[in-house]
Amino acid sequence: MPERDHEFEHAAPRLRQPGFWHYVAVAPTWVAAFVLFVMMGMTFLDVILRSAFDNPLEYATELTRIFMAIIVFASLPMVSWKGQHIIVDLMDPLFSMRAARVRDILIDLICGAALLWPAKRVWDLAERSRDFGDVTEYMGFPQHLIEWFIAAFTAIAAVTFIARGLLRIFAPGRVPG
Amino acid sequence: MLASVIGLGAVLLLVFLRMPIAIAMGLVGFVGFMVERGFRGSISMVGRIIIDASQDYGLSVVPLFILMGLFVSRGGLARELYQVSYVFLGHLRGGLAMATICACAGFSAICGSSLATAATMSKVAMPQMRKFGYKDRLSTASIAAGGTLGILIPPSVILVIYGLLTETSIGKLFIAGVVPGLLGVVLYLVAVKWTITRDPESGPAGDRSDWPARWTAIRGVWAILLLFFLVIGGLYGLLDVWPVYLTFSPTEAAGMGATGAFLIALSRGSLTFRTIVHVLTETATTTAALFAVLIGAWIFSNFVNLAGLPEALQAFVQSLGVAPMAVMVMILLIYVILGCVFESLSMLLLTVPIFFPLVTSLGFDPVWFGIIVVVVTEISLITPPVGLNVFVLKGVVGDVSTATIFRGVTPFWVVDIVRLALLVLLPWLVLFLPNSM
């Protein structure tokens, strides 16, 4: 018997249809989910083709690498938005409501700021790859496209953190997580 | 040395202020590196790590094993694992608690996370134990303790990360986890027996099942057993025989396992399109959170290495002139204390770059140390006052106090310490299987 899914239980009586921005926000996570499924199937197929027909997928390793970057970075903004990063909440009882609010605002803003520089640096490295015409070994896939992707989604994650921090100031009731 | 200690203090402070562990480690690592090598050097290091870590082929094993565990748990297979343990053990006094331990072990063989094992099994086993009048103390404790097996019995996400971090063979680490895992099961069964002997009312006997019922239950789990055999057998090289000739790298084993779990769950009709999407997105977001910590830890460990902490620690230990085993006991003590505060993986990522060079320089085996660290982490998951598994259980069950669970868990904690002592004193218990590969 399948277990009941908590998230869907709560989401069941939806009063408002999700709007355009909802789909924009969740689309990257769906892309990550789809890519993950493809990666699973590809690994399976690769093993079967290699053992049964001695004919492995030539591009499997390279595709896996690209897929991994997509899975991780496409999900990162949603993880940051929903507060799903791994944290230690052991000291929470020590903070009063007001202190906790100030703490959370500062932490979100600092996290956002801290991610902007790496995003910029990865973008610079991507530009360098593009100048050098770096491609992956077997498929010849342009390396800078992957790096652009990583930089863009790190930047989106940074903006997400900052938006969360600002939301905590102006509309604390609407902060997810 | 001083710089690293300040850095470590800063990470702890930020983490206690609720900053995500990933960003705390990354930020402190970046600033520390910058103090030593300037802004350009430090930001270059960070940019390179972000690009390389997220495209590491070896790390693709992480989402695939998480996916396998989620398909199994969403596919409702935990219930069948519990059923098969129940039909064989349920008629004994304390038999349902014993069945819970065995089902947890079986579930751990597919799932690589202790918290997930405890959360899943509590939904299945708790109602049954309540039905038969088990005292909450025993029933919750057996789930909390049994759940810890998740990170030791292969596949284990923690062992994968340890292997990648220390360049130790993941296949060997997995195989090395088998005997300590089974030893854990046996000792937990002893703990149940001990509880029952002291308080016979805490776990009354259930109904005895006849053989037709037992066969039906076994038929319910053969696919899971086959899946486990395929994944671990493929890694160990057991399947490299006529006519299949299959050997797997860890990533291939994980891919086969995830696909197998998906097909099994699908064949039972327990997966809807919505569930599949949910499992996939949950795996993707969990992977992103784990990779964030991994990247942060890599940045931090670069700083720690640059600041010379591992060398300073080695020199310090040598100057003390104490026996290697005494040093090991100290390290294990630090792990138990840290494990009470930190999430397991973060603790591992924070400490392994510091301790691993010291441990290997003292002549300890890297595979053995990996297993010992995981066993200690298991212990910290049920150590009062903050054992995480206990709180997971409290979250799912609700109406039992954490004090009750901790009281019930004490015998399990004691046998865990016995197991740790055995594995430390008799390293061949861990090493004989991987050394035969």
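No experiment lies behind these values; they were computed from the predicted model shown.

Some thoughts on helix α19 (residues 402-425) of chain B
A rise of 1.5 Å per residue sets the reference length of α19 of chain B, with its 24 residues, at 34 Å; its end C-alpha atoms lie 33 Å apart and thus fit the reference within 8%. A maximum bend of about 40 degrees is found in α19 of chain B at T410 of chain B, where proline P411 of chain B lies one to four positions downstream.

With respect to the interface of chain B and chain A
In many reports, interface size means the accessible area that the parts give up when they come together. On the chain A side, the residues contacting the 68 residues of chain B number 60 residues. With both chains or domains summed, chain B and chain A bury close to 5,700 Å², and 75% of this area falls on carbon and sulfur atoms. In this structure, the connection of chain B to chain A is made through 1 salt bridge. Of the charged contacts, one joins E252 of chain B and R50 of chain A as a salt bridge, the two residues approaching to 2.9 Å between their closest N and O atoms. Linking chain B to chain A there are 6 residue pairs in polar contact (both at pLDDT 80 or more). Of all the secondary-structure elements, those providing two or more residues to the side of chain B that touches chain A are α1 (2-16), α2 (21-54), α3 (61-74), α4 (77-89), α6 (114-131), α12 (250-267) and α13 (273-306) of chain B. It is α13 of chain B that contributes the most residues to the side of chain B that touches chain A, 16 residues altogether. Grouping the amino acids of the side of chain B that touches chain A by side-chain chemistry returns 40 nonpolar, 19 polar and 9 charged.

Side note on the packing of helix α4 (residues 97-132) of chain A against α2 of chain B
Interhelical geometry of α4 of chain A versus α2 of chain B gives an angle of 85 degrees and a closest axis separation of 9 Å. Considering their axes alone, α4 of chain A and α2 of chain B lie roughly perpendicular with respect to each other. Taken together, the residues of α2 of chain B that come into contact with α4 of chain A (itself represented by I110, C111, A114, L115, W117, P118, R121, V122 and L125 of chain A) are I23, L27, F39, I43, S44, V46, G47, R48, I50 and I51 of chain B. Taken together, the residues that form the contact of α4 of chain A with α2 of chain B break down as 15 nonpolar, 2 polar and 2 charged.

Structural notes on the side chain of E378 of chain B
One can find E378 of chain B in helix α17 (residues 366-381). A distance of 3.2 Å separates a polar atom in the side chain of E378 of chain B from a polar atom in the side chain of R419 of chain B.

Focus on the side chain of H85 of chain A
With respect to the helices and strands, H85 of chain A occurs in the loop between α3 (60-81) and α4. A polar contact is formed between the side chain of H85 of chain A and the side chain of S80 of chain A, at a distance of 3.2 Å. When residues no more than four places from it in sequence are discounted, the contact partners of H85 of chain A are L76, V79, S80 and F161 of chain A together with P20 and A292 of chain B.

Considerations on the environment of G9 of chain B
Mapping G9 of chain B onto the fold places it in helix α1. Along the backbone, G9 of chain B and F39 of chain B are 30 residues apart, and their C-alpha atoms lie at a distance of 22 Å.

Structural notes on the environment of L138 of chain B
Residues and elements named next belong to chain B. Within the element layout of this structure, L138 appears in helix α7 (residues 136-148). By relative accessible area, L138 is classed as buried at 2%. In this structure the C-alpha to C-alpha distance between L138 and P384, which are 246 residues apart in sequence, comes to 16 Å. Residues contacting L138, with those up to four places away along its chain left out, are A97, T195, I196, S202, G203 and F412.

Quick notes on the packing of aromatic side chains
Taken as a whole, this structure holds 19 aromatic pairs over all chains when the rule is applied. With 5.2 Å between their ring centres and 70 degrees between their planes, F20 of chain A and W21 of chain A make a pair best called edge-to-face. Taking relative accessible area as the criterion, F20 of chain A reaches 57% and is therefore assigned exposed. Overall, W21 of chain A belongs to the exposed group, its relative accessible area being 66%. Ring centres 6.5 Å apart and planes at 55 degrees place the aromatic pair Y162 of chain B and F369 of chain B in the tilted group. Here the residue Y162 of chain B occupies a position in helix α8 (residues 157-166), and F369 of chain B occupies one in helix α17, the gap between them amounting to 207 residues. Of the two residues, Y162 of chain B and F369 of chain B, both sit in the buried class. A connected cluster of aromatic rings, assembled from ring pairs, spans F37 of chain A together with F71 and F262 of chain B. One cation-aromatic arrangement involves R214 of chain B over W211 of chain B; the distance from NZ or CZ to the ring centre is 4.9 Å.

As for the confidence of the model for chain A
All names here are of chain A. On average, residues of chain A score 86 in pLDDT, and 90% of them reach the 70 mark or higher. Element-level mean pLDDT values for chain A span from 40 in helix α1 (residues 6-11) up to 95 in helix α5 (residues 143-170). Below pLDDT 50 for its whole length, residues 1-14 participates in 17 contacts with residues either more than four positions away or in separate chains.

Notes on a nonpolar patch on the surface
Residue and element names in this part refer to chain B. A surface patch of nonpolar side chains, amounting to about 650 Å² of accessible area, comprises V414, V418, L422, L425, L426, W428 and F432. Looking at the nonpolar patch, the elements that each hand over two or more residues are α19 and α20 (428-435). In terms of residue count, α19 provides more of the nonpolar patch than any other element does, 4 residues in total. With respect to the helices and strands, W428 occurs in helix α20. Accessibility expressed as a relative area gives 53% for W428, which makes it exposed.

What counts, and at which threshold
Residues numbered from 1 in each chain as written. Chains lettered and ligands numbered in written order. Predicted model: local features only at pLDDT ≥ 70, side-chain atom pairs only at ≥ 80, totals over all residues. Heavy atoms only, no water. Helix = DSSP H or I, 4+ residues; strand = E, 2+ residues; numbered from the N terminus. Expected span 1.5 Å × (residues − 1). Bend = angle between axes of the 7 residues up to and from the residue. Contact = heavy atoms within 4.5 Å. Buried area = accessible area lost by both parts, 1.4 Å probe. Salt bridge = Lys/Arg side-chain N within 4 Å of Asp/Glu carboxyl O. Polar contact = N/O pair within 3.5 Å; in protein donor to acceptor, adjacent residues only side chain to side chain. Nonpolar A, V, L, I, M, F, W, Y, C, P; charged D, E, K, R; others polar. Axes fitted to C-alpha atoms, helices over the stretch in contact; angles between N-to-C directions. Parallel < 35°, antiparallel > 145°, perpendicular 65-115°, else oblique. Buried < 20%, exposed > 50% of the residue type's maximum accessible area, 1.4 Å probe, protein only. Phe/Tyr/Trp six-rings, centres within 6.5 Å; stacked < 30°, edge-to-face > 60°. Lys NZ or Arg CZ within 6 Å of the ring centre and 35° of its normal. pLDDT = per-residue confidence, 0-100. Patch = residues over 30% accessible without salt bridge, like charges linked within 9 Å, V, L, I, M, F, W, Y side chains within 5 Å. Areas by Shrake-Rupley, 256 points an atom, 1.4 Å probe, with all protein chains shown as cover.

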